[in-house]
Every structure is written in structure tokens, then in C-alpha cells.
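Structural overview for review
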Amino acid sequence: MFIRIKYGDHQMMLVNTDCQRVHFEEYVRKQCPLNKKEVLDLCDQTGQLVGLPSKNLSEYVSTCTQERKIYFPIALRIGRPNHQVKEVRPMVKNFAKRFPDLMENLDAQTASSKPQLLSPLPRKKAQAQQKKGKKLK
């Protein structure tokens, strides 16, 4: 199952979602560099967030995306200790000008619903837990 991700200045990548979240994020982060304090999420063409941060690192991305759809990468800054969204930063150049309705939808979702998000595990800890066969929380 593949999705298209639009990012940067009119760039697009085709991504296989039949993989665990940890591997998906690693690949997307190479293409769309994020600050270490930011968490990756995706939004569809209606501005609806996928909710990647709420998924386990071992969960397959295909469970929360739709095949052949276009998504935009979103960098979320999460507050401590309540794990609520503090800042939403689309990783598309001039996103607010090009897609004003999507930006409104994103702002409304993060302001009103304040989604519960898991804090990201450090990569080494997550990989160690996967090797031991433990469920990630």
C-alpha cells in the first residue's frame, strides 16, 4: 500500500505504508528534516490529522492511512508534562497561503480537541524493546 507525501517546495515522494511506524518515520525524517523536539504526523487533503504519534512504534502505518491518498507532513511540538500540542508546523513551503482551509482545520483540531499523544521513545530504547519482543507503550 502506497501513499504520496507532498513536502517542501512542490516535492513529492511515494511511500510504502506497509511498515512499522518507527521505520516509516525514520524514512520520512530523512526527506523532511525535523527538529529533535518535534513529532511527525500527517494530514490529508481535508486537513484531518492521521494521529501517528498516538500509534505504537511497532504498529503499521497502513492502519491509519488510505491507499493512494495524498498527505502532508506536519511537525508537532508537544508540551510537557501534559503531552498536548503546542505548535503545528506543516512541512510544505507557503502551506498557509497555498492551503488556507487546511491550515484552519489543523489549527481547529489542535486547539479544540487537544489530542492525547504518546511521547516519542528514544530510537535506541524503542529498537531494544522491539528486539526483546516487548509491546511498546
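Our subject in this report is the structure included herewith. All residue numbers here refer to positions counted from 1 along the written sequence of the relevant chain. Per-residue local features are limited, in this predicted model, to residues with pLDDT of at least 70; the limit for side-chain atom pairs, both in listing and counting, is 80 or more; totals at the level of whole chains, interfaces and linings are taken over all residues. In computing side-chain properties, one takes all heavy atoms of the structure into account and sets aside hydrogens as well as water.

Concerning the packing of aromatic side chains
Note on ring pairs: Phe, Tyr and Trp rings are taken, using the six-membered ring of Trp, and paired if centres are within 6.5 Å. Classes follow the plane angle, with under 30 degrees stacked, over 60 edge-to-face and the rest tilted. Summed over the entire model, instances satisfying the criterion amount to three aromatic pairs. Relative to Phe95, the ring of Phe72 has its centre 5.5 Å away and its plane inclined at 75°; by these criteria the two rings are edge-to-face. You can see Phe72 sitting in strand β4 (residues 70-78) and its partner Phe95 sitting in helix α2 (residues 95-98), a full 23 residues away along the chain. Both residues of the pair, Phe72 and Phe95, belong to the buried class. Strands here mean DSSP runs of E at least two residues long; helices mean DSSP runs of H or I at least four residues long; both are numbered from the N terminus. The buried label applies to any residue whose accessible area, calculated with a 1.4 Å probe on protein chains only, is under 20% of its type's maximum; exposed applies above 50%, and partly exposed to all values in between.

Overview of the pairing of β4
Among the nine residues of β4, eight are classified as buried, and the element is accordingly described as predominantly covered. Pairing between strand β1 (residues 2-7) and β4: two bridges, direction parallel. Each bridged residue has a counterpart across the sheet, and for Arg4 the counterpart in β4 is Ile70. Where strand β3 (residues 38-43) lies against β4, six bridges are found, and the strand directions are antiparallel. Bridge assignment links Cys43 to a residue of β4, and that residue is Phe72. Pairing between two strands requires that DSSP report at least two bridges joining them.

Points about the environment of Glu67
Summarising the element assignment, Glu67 is placed in the loop between β3 and β4. What Glu67 contacts, discounting residues up to four positions off in sequence, is Met1 and Phe2. Two residues qualify as a contact provided that any one of their heavy atoms is within 4.5 Å of a heavy atom in the partner residue.

A closer look at the nonpolar core
To form a nonpolar core, buried Ala, Val, Leu, Ile, Met, Phe, Trp, Tyr and Cys residues must be joined to one another through side-chain atoms within 4.5 Å. Core analysis: the biggest nonpolar cluster contains 19 residues, and Ile3, Ile5, Met13, Phe24, Val28, Leu42 and Leu52 have the highest contact counts within it. Sorting the residues of this core by element identifies β1, β2 (11-16), α1 (21-31), β3 and β4 as the ones contributing at least two each. Tallying contributions element by element places β1 first for this core, with three residues. Once residues within four sequence positions are removed from consideration, Ile5 is found in contact with Gln11, Met12, Met13, Val15, Phe24, Val28, Leu42, Tyr71 and Pro73. Grouped together as the second largest cluster of nonpolar side chains are 14 residues, Val39, Val88, Val92 and Phe95 included.

What to know about the environment of Ser58
Tracing the backbone through its elements, the reader meets Ser58 in the loop between β3 and β4. For Ser58 and Val22, which are 36 residues apart along the polypeptide, the C-alpha to C-alpha distance reads 6.6 Å.

Looking at unusual backbone geometry
Most peptide bonds are trans, and most residues other than glycine sit at a negative phi. If you check the backbone angles, His10 has positive phi at about 65° while not being a glycine. Examined against the element boundaries, His10 turns out to sit in the loop between β1 and β2. For His10, a relative accessible area of 62% translates into the label exposed. Look at Arg68: it is not a glycine, yet its phi comes out positive at around 70°. With respect to the helices and strands, Arg68 occurs in the loop between β3 and β4.

Honestly, it's all geometry; don't read function into it.
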